Amino acid sequence: MPLQGEYEPSPTSWVREQVAQYEASDGEQGGTFLDLPVIILTTKGVNSGKIRKMPLMRVAHNGSYAVAASNGGADQHPAWYHNVVAHPLVEVQDRAARQDMLARELHGEEKAKWWKRADATYPPFAEYRAGTGRSIPLFILEPVAEAH
C-alpha cells in the first residue's frame, strides 16, 4: 500500500464504527448501507497528511470503481473530496480485497455514463443531484497499473 502514515479515525462516530467493523471482518460486518454494498476508500489527508477512511457506495464496472462526492446531497463537498483532489493515489477495500488505485474526476459523456451506473446502484444519487445547487463530483478509481 503506497499510502503510509498515521491513521486518524473519523470524528464522525458512524463512519469510525463502520470502518472498524468492515476492516475487522473483511466487509462481512459493516459492508452495507441501506442493504447495499459499500467499499472503504482510504485517502491521505490534504491538511493533516494522516490516513483517512470512508465507507462509500460500491459502484463497480470492469475492475474500476466510481465514487460520488455527494455528501448526502449537502451543498458542500465532503472532506474526502479535497483529499482525493490533492492526493489521487488511494486504496479501495472491497470486502477482503485491497487495491491501490488512481482517482480521476469525470466530466462530460464519461461522467454521464458513470452516473447511470451509480444511479442504478444507489438511486438516491439522483435525488442528491436534484436537491443541491452544486455539481456533484464523480471520480473513477482505476487500478494503478492501468490508470492513465
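This write-up is about the structure you can find in this document. (Residues numbered from 1 in each chain as written. Predicted model: local features only at pLDDT ≥ 70, side-chain atom pairs only at ≥ 80, totals over all residues. Heavy atoms only, no water.)

**As for the pattern of salt bridges**
Two side chains with opposite charge may pair up if their charged atoms get near one another. Note the following rule: One side-chain nitrogen of Lys or Arg within 4 Å of one carboxyl oxygen of Asp or Glu is enough to make a salt bridge. Helix numbers and strand numbers start at the N terminus; a helix is a DSSP run of H or I with at least 4 residues, a strand a run of E with at least 2. For every residue, the accessible area (1.4 Å probe, protein chains only) is compared with the maximum for its type, and the residue is labelled buried under 20%, exposed over 50%, or partly exposed between those bounds.
Taken as a whole, this structure holds ten salt bridges when the rule is applied. A salt bridge links E8 to R52; the shortest N-O distance between them is 3.1 Å. Taken together, the residues span a long stretch of sequence, with E8 in the segment before α1 (13–25) and R52 in strand β3 (residues 51–57) at a distance of 44 residues. Look at E8 and you get partly exposed, because its relative accessible area is 29%. The exposure class assigned to R52 is partly exposed, which follows from its relative accessible area of 22%. Each member of the salt-bridge network shares a partner with another, and the members are E6, E8, K50 and R52.

**Section: the side chain of R134**
Heads up, the condition is: The convention is simple: Lys and Arg are positive, Asp and Glu are negative, and His and the chain ends are not counted. What qualifies as a polar contact is a pair of N or O atoms within 3.5 Å, subject to a donor-acceptor requirement within protein and to the restriction that residues adjacent in sequence count only when both atoms come from side chains. Contacts are assigned to residue pairs with any non-hydrogen atoms lying within 4.5 Å of each other.
On the secondary structure map, R134 appears in the loop between α4 (124–130) and β8 (138–143). Buried R134, no salt bridge; nearest opposite-charge side chain is D75, N-O distance 5.8 Å. Here the side chain of R134 touches S70 through a polar contact of 2.7 Å, landing on its backbone oxygen. A distance of 3.4 Å separates a polar atom in the side chain of R134 from the backbone oxygen of Q76. Setting aside chain neighbours within four positions, we find R134 in contact with A69, S70, N71, A74, D75, Q76, H77 and P78.

**Some points on α1**
For clarity, the cut-off: Given a helix with a known number of residues, its expected span is that number minus one, times 1.5 Å. It is the directions from the helix axis to the C-beta atoms that the arc portrays.
Taking 1.5 Å as the rise per residue, α1 with 13 residues should run 18 Å; its terminal C-alpha atoms sit 18 Å apart, in good agreement. Within the sequence span of α1, burial applies to V15, Q18, V19, Y22 and S25. Seen end-on, α1 carries its buried residues on one side only, within an arc spanning 155 degrees. Here the buried face of α1 lies against β1 (32–33), β2 (36–44), β3 and β6 (89–94). Taken from the residues just after α1, D26 is the one with a positive phi, measuring 55 degrees.

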